[in-house]
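What follows is each chain in one-letter form.
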Amino acid sequence: MDLKIAGNAAVVTASSSGLGKASARALAAEGVDVVVNGRDRDRLDEAVEDIKRDATGSVVGQQGDIAVREDIEAVVQRCVDEFGRLDHLVTSAGGPASKSTLETTDEDWYDAFDMLVMSVVRAVRAGEPHLRANGGGSIVNITSMSVKEPSSTLVLSASVRMAVAGLEKTLSRELAPDVRSNMVLPRSIETERIRSLGEAAIERGEYDSYDEVLADRAGDSPLGRLGSPDELGDLVAFLCSDRASYLNGTAISVDGGVSRSTL
């Protein structure tokens, strides 16, 4: 399917690895000019070169911390300066610390809110006037299935990401019809973090092989496997395109059917 977004321009925050990187890769492969973002310069440069291999659009990197307002604004401005436009804003962020409620500190909560919520607010503020230009644009927030099914050890993610869900739903009405806003909820995806955690568990003797790690992580998935980052990235690219022009204010689970929720 031709998504007809070649020549568009996009910002993908926190995209030097993981699901953000997969989303940037999918957009660039569709001919979108993409600004990739990350804190670590070496990892960012590696990601840009990797994404370029499959890209038909241009790919540039902008170093910055999504928890810092000036850095977020610089990422958006880099897209406008480099490509003359901004059509799609994809927000991604790493997960906060895995803790129970009673283990968290006030600082943990404030840090999680800055990283997960204010990074989106600031990116939208900076990008909104550009997204409205050129016939309108789209926003896609990459969050987590913890929004729907909280875990006792992921209280920060489950609680704080709910604010992103509320923000996304509000934006879908506030910015329409010029800008559509949607959210994707990943779970059980084989990211670089999953691989590194699995390798560490093997070193500790908890598993004999990485195949055992994958089987355990897949758990009760009806599909019997983890998803790939590219499967989520393809959905993000679709949501950015006019092929998804009537999708607005929705949250799409990407979990292989692991969730038992009907909604």
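The preceding data block contains the structure.
Residues numbered from 1 in each chain as written. Predicted model: local features only at pLDDT ≥ 70, side-chain atom pairs only at ≥ 80, totals over all residues. Heavy atoms only, no water.

1. Here's the deal with the sheet that holds strand E1 (residues 9-12)
Whether parallel or antiparallel, the strands of a sheet pair through hydrogen bonds between backbone atoms. If you walk across this open sheet you meet the seven strands as E3-E2-E1-E4-E5-E6-E7, and the pairing is parallel. In the strand order of this sheet, the two ends are held by strand E3 (59-63) and strand E7 (251-254), each with one partner. Geometrically, the sheet is characterised by an average inter-axis angle of 20 degrees between neighbouring strands, direction not taken into account. Of the strands in this sheet, strand E5 (137-142) and strand E6 (179-186) are in contact with helix H5 (residues 155-174), which crosses E6 at around 155 degrees. The strands touched by helix H8 (residues 229-240) within the sheet are strand E4 (88-91), E5, E6 and E7, with E6 carrying the most contacts at an inclination of about 165 degrees. (Pairing = 2+ DSSP bridges. Helix = DSSP H or I, 4+ residues; strand = E, 2+ residues; numbered from the N terminus. Axes fitted to C-alpha atoms, helices over the stretch in contact; angles between N-to-C directions. Contact = heavy atoms within 4.5 Å.)

2. Points about the pattern of salt bridges
All told, the structure shown has 19 salt bridges when counted by the stated rule. Residues Arg225 and Glu231 are paired through a salt bridge, measuring 2.9 Å at the closest nitrogen-oxygen approach. The class for Glu231 is partly exposed, based on a relative accessible area of 38%. (Salt bridge = Lys/Arg side-chain N within 4 Å of Asp/Glu carboxyl O. Buried < 20%, exposed > 50% of the residue type's maximum accessible area, 1.4 Å probe, protein only.)

3. What to know about helix H4 (residues 106-132)
Between its first and last C-alpha atoms H4 spans 37 Å; for 27 residues at 1.5 Å apiece the expected length is 39 Å, and the two agree. Within two residues after H4, Asn134 carries a phi angle of roughly 55 degrees, on the positive side. (Expected span 1.5 Å × (residues − 1).)

4. Points about the packing of helix H1 (residues 18-29) against H8
Relative orientation and spacing of two packed helices are given, respectively, by the angle between their axes and the distance between those axes. At a minimum axis distance of 7 Å, the contact between H1 and H8 shows a crossing angle of 55 degrees. With respect to their mutual orientation, H1 and H8 come out oblique. Of the two possible hands of crossing, H1 and H8 adopt the one that is right-handed. From H1, Gly18, Leu19, Ala22, Ser23, Arg25, Ala26 and Leu27 reach across to H8, where they touch Pro229, Asp230, Leu232, Gly233, Asp234, Val236, Ala237 and Cys240. Partitioning the contact of H1 with H8 into residue classes produces nine nonpolar, three polar and three charged. (Parallel < 35°, antiparallel > 145°, perpendicular 65-115°, else oblique. Left-handed = near helix turned anticlockwise from the far one by under 90°. Nonpolar A, V, L, I, M, F, W, Y, C, P; charged D, E, K, R; others polar.)

5. A few points about the side chain of Ser259
Within the secondary structure, Ser259 is located in the segment after E7. Judged by its relative accessible area of 15%, Ser259 falls in the buried class. At 2.9 Å, the side chain of Ser259 forms a polar contact with the side chain of Glu149. Look past the residues within four positions of Ser259 in its chain and what remains in contact with it is Met145 and Glu149. (Polar contact = N/O pair within 3.5 Å; in protein donor to acceptor, adjacent residues only side chain to side chain.)

All quantities given are derived from atomic positions and should not be read as evidence of function.
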